[in-house]
Amino acid sequence: MKYKVFDVVKLKNSNKATILNIINKKKYFAEIVNESGETIDRKEITEDEIESQIV
(Lines give C-alpha, C1' and ligand atoms only; values in the text may rest on other atoms or scores of the structure.)
Protein backbone atom coordinates (compact mmCIF):
# COMPACT_ATOMS: atom_id res chain seq x y z
CA MET A 1 0.00 0.00 0.00
CA LYS A 2 1.24 3.48 -0.73
CA TYR A 3 1.32 5.85 2.24
CA LYS A 4 1.49 9.64 2.19
CA VAL A 5 3.33 12.17 4.32
CA PHE A 6 1.70 12.62 7.77
CA ASP A 7 -0.19 9.31 7.59
CA VAL A 8 -0.26 7.56 10.97
CA VAL A 9 0.37 3.82 10.88
CA LYS A 10 0.44 0.99 13.40
CA LEU A 11 3.63 -1.05 13.38
CA LYS A 12 3.87 -4.80 13.90
CA ASN A 13 5.69 -4.21 17.22
CA SER A 14 2.55 -2.36 18.56
CA ASN A 15 4.12 1.10 18.30
CA LYS A 16 2.71 3.82 16.07
CA ALA A 17 4.51 5.97 13.52
CA THR A 18 3.89 9.19 11.66
CA ILE A 19 5.39 9.22 8.18
CA LEU A 20 7.51 12.34 7.76
CA ASN A 21 9.11 11.69 4.38
CA ILE A 22 8.84 9.18 1.55
CA ILE A 23 12.22 7.73 0.57
CA ASN A 24 10.96 5.40 -2.16
CA LYS A 25 7.94 3.17 -2.84
CA LYS A 26 8.50 0.91 0.18
CA LYS A 27 10.72 2.96 2.52
CA TYR A 28 9.64 5.84 4.72
CA PHE A 29 11.28 8.14 7.26
CA ALA A 30 9.04 8.16 10.32
CA GLU A 31 8.72 9.29 13.92
CA ILE A 32 8.06 6.26 16.12
CA VAL A 33 5.97 6.67 19.29
CA ASN A 34 5.05 4.13 21.98
CA GLU A 35 1.60 3.39 23.39
CA SER A 36 1.93 6.31 25.83
CA GLY A 37 2.55 8.75 22.99
CA GLU A 38 6.22 9.33 23.86
CA THR A 39 8.64 9.66 20.94
CA ILE A 40 11.03 6.72 20.81
CA ASP A 41 12.99 7.40 17.64
CA ARG A 42 13.00 8.91 14.18
CA LYS A 43 14.20 6.36 11.66
CA GLU A 44 13.67 4.71 8.32
CA ILE A 45 10.95 2.04 8.25
CA THR A 46 9.92 -0.34 5.50
CA GLU A 47 6.48 -1.32 4.36
CA ASP A 48 7.07 -4.80 5.85
CA GLU A 49 7.12 -3.29 9.37
CA ILE A 50 3.70 -1.63 8.93
CA GLU A 51 0.63 -3.52 10.10
CA SER A 52 -2.14 -1.08 9.16
CA GLN A 53 -2.98 2.56 8.50
CA ILE A 54 -4.74 4.46 11.29
CA VAL A 55 -5.35 7.91 9.79
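Higher on the page you've got the structure.
Basis of the calculations
Residues numbered from 1 in each chain as written. Predicted model: local features only at pLDDT ≥ 70, side-chain atom pairs only at ≥ 80, totals over all residues. Heavy atoms only, no water. Pairing = 2+ DSSP bridges. Helix = DSSP H or I, 4+ residues; strand = E, 2+ residues; numbered from the N terminus. Axes fitted to C-alpha atoms, helices over the stretch in contact; angles between N-to-C directions. Buried < 20%, exposed > 50% of the residue type's maximum accessible area, 1.4 Å probe, protein only. Contact = heavy atoms within 4.5 Å.

Would you mind showing me how to read the sheet that holds strand β5 (residues 50–53) here?
Strands belonging to one sheet form pairs held by backbone hydrogen bonds; the direction of such a pair is parallel or antiparallel. Taken together, the five strands give an open sheet; going across it, the order is β4-β3-β2-β1-β5, and neighbouring strands pair in antiparallel fashion. Edge positions in the open sheet fall to β4 (39–46) and β5, since each of these has one partner strand only. Here the strands of the sheet are splayed against their neighbours by 40° on average, with no regard to which way each runs. Note that strand β1 (residues 8–11) and strand β2 (residues 16–24) share three bridges and pair antiparallel. For V8, the partnering residue across the bridge sits in β2 and is T18.

It is not clear to me how the environment of D7 should be interpreted in this structure. Could you clarify?
Along the chain, D7 turns up in the segment before β1. Given the relative accessible area of 12%, D7 is considered buried. Residues D7 and Q53, spaced 46 residues apart in sequence, show a C-alpha to C-alpha distance of 7.4 Å. Discounting chain neighbours no more than four positions away, the residues touching D7 are A17, T18, I19, Q53 and V55.

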